[in-house]
Amino acid sequence: MERLQKVIAQYGYCSRRKAEEFIQQGKVKVNGKVISELGTKVNYEDTIMVEGNVLAKKEEKVYYLLNKPRNVVSTVSDEHGRKTVLDLLDTPIRVYPVGRLDYDTTGVLLLTNDGELTNLLTHPKNHVEKTYIAKIEGIMQKRDLEKLCAGVIIDGKKTSKAQARIKKIDKKKNTSLVEVCIHEGRNHQVKKMFEAIGYSVSKLKREKFSFLTTVGLKSGEYRMLNTKEVKKLYNEVKGN
Ligand code: URA
């Protein structure tokens, strides 16, 4: 709860002093009731009217970078009652994920209430780079990886060119670690790309989204982006 005059000033309607005058003159209503007491406390859910004008809620833009753990859905709600990424954030502001990661995929996930940036970052024409580390069942063959890089058909449409490299082969366990960088964001894209060349993905982590990484964040931890990072994200996608 905040003092009424402070809230009016925070909405940008007028200065705090001017707001005090309006209150004393009986020109302020809270939830339809005239309030002329200066000490009255309100919250941001209250409907405040000054001189007949309803104050519009000016929501500040916030940006969170989450290191998504496994077994969490990246939607704002889940019909099966599973944990969502929003359950991991302690914020009073309604944010939503920029794109999606599968239930079992870990790594970089951006959440924001900035619709403009979300649209820019998820629009295919902007080719935002996403880098994944995939654990693959079997020994990855170079010639197969070349096919994946050139583009494979998934859901009846060819994927655009990708970059990929083998990071590690474990002959004993019969697994491979592969880094793949894509510029699209189709549904289950990475898993389907590997499927298309005959391999299955047993673990998937998004290492990078544009220039953002999970460095310094343990699984399930998050941080806010700073102004410089937000500007840089805008610069990456504007004017494309
Ligand atoms: N590709 C996938 O297959 N799954 C993800 O979660 C992200 C990209």
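Residues numbered from 1 in each chain as written. Predicted model: local features only at pLDDT ≥ 70, side-chain atom pairs only at ≥ 80, totals over all residues. Heavy atoms only, no water.

A.B. asks: What am I meant to see in the overall build of the protein here?
C.D. replies: Secondary structure summary: the protein contains 6 helices and 17 strands in total. Oriented by its inertia axes, the alpha-carbon framework of the protein measures out at about 80 × 40 × 35 Å. Going through the 240 residues of the protein one by one, you find that 42% of them count as buried. Across the protein, the centroid of the 46 positively charged side chains sits 4 Å from that of the 30 negatively charged ones. (Helix = DSSP H or I, 4+ residues; strand = E, 2+ residues; numbered from the N terminus. Buried < 20%, exposed > 50% of the residue type's maximum accessible area, 1.4 Å probe, protein only. Lys, Arg positive; Asp, Glu negative; His and termini not counted. Charge placed at Lys NZ, Arg CZ, Asp CG, Glu CD.)

A.B. asks: Sorry if this is basic, but what is going on with the layout of surface pockets here?
C.D. replies: Over the atoms, a rolling probe the size of a water molecule traces out where space has been left empty. Considering only enclosed or pocket space, the largest pocket measures out at about 780 Å³ in volume. As for the largest pocket, its lining consists of 36 residues, of which Arg100, Gly185, Arg186, Asn187 and His188 are closest to the centre. Elements with a contribution of two residues or more to the lining of the largest pocket: helix H3 (115-122), strand E10 (130-137), helix H5 (189-196) and strand E15 (200-209). At 3 residues, the largest contribution of residues to the lining of the largest pocket is made by E15. In terms of domain composition, the lining of the largest pocket takes at least three residues from each of domain 2 (63-113 + 214-238) and domain 3 (129-209). (1 Å grid on protein atoms, 1.4 Å probe; cavity = no way out; pocket = protein on both sides within 12 Å on 5 of 7 lines; lining within 4 Å. Points joined across faces, edges and corners; volume = space filled by probe spheres on them. Domains from an automatic or database assignment.)

A.B. asks: Even after reading the chapter, I still don't get the packing of aromatic side chains, so can you show me in this structure?
C.D. replies: A ring pair, where both rings are aromatic, is described by two values, the distance of the centres and the angle of the planes. Enumeration according to the criterion identifies 2 aromatic pairs in this entry. Note on Tyr13 and Phe22: the rings are 6.2 Å apart at their centroids and 65° apart in plane angle, and the pair reads as edge-to-face. What makes Tyr13 partly exposed here is its relative accessible area of 27%. Arranged with centres 5.7 Å apart and planes meeting at 80°, the rings of Tyr64 and Tyr222 form a pair that is edge-to-face. Of the two residues, Tyr64 sits in strand E7 (residues 63-68) while Tyr222 sits in strand E17 (residues 222-224), which places them 158 residues apart along the sequence. In this structure, Arg82 is placed above the aromatic ring of Tyr103, and the distance from its NZ or CZ to the ring centre is 4.6 Å. The ring of Phe211 carries the charged tip of Lys232 above its face, separated from the ring centre by 4.3 Å. (Phe/Tyr/Trp six-rings, centres within 6.5 Å; stacked < 30°, edge-to-face > 60°. Lys NZ or Arg CZ within 6 Å of the ring centre and 35° of its normal.)

A.B. asks: Any chance you could explain the domain arrangement of the protein here in plain terms?
C.D. replies: Taken domain by domain, the protein holds domain 1 (2-54), domain 2 (63-113 + 214-238) and domain 3 (129-209). Using C-alpha coordinates to define each centre, domain 1 is positioned 35 Å away from domain 2.

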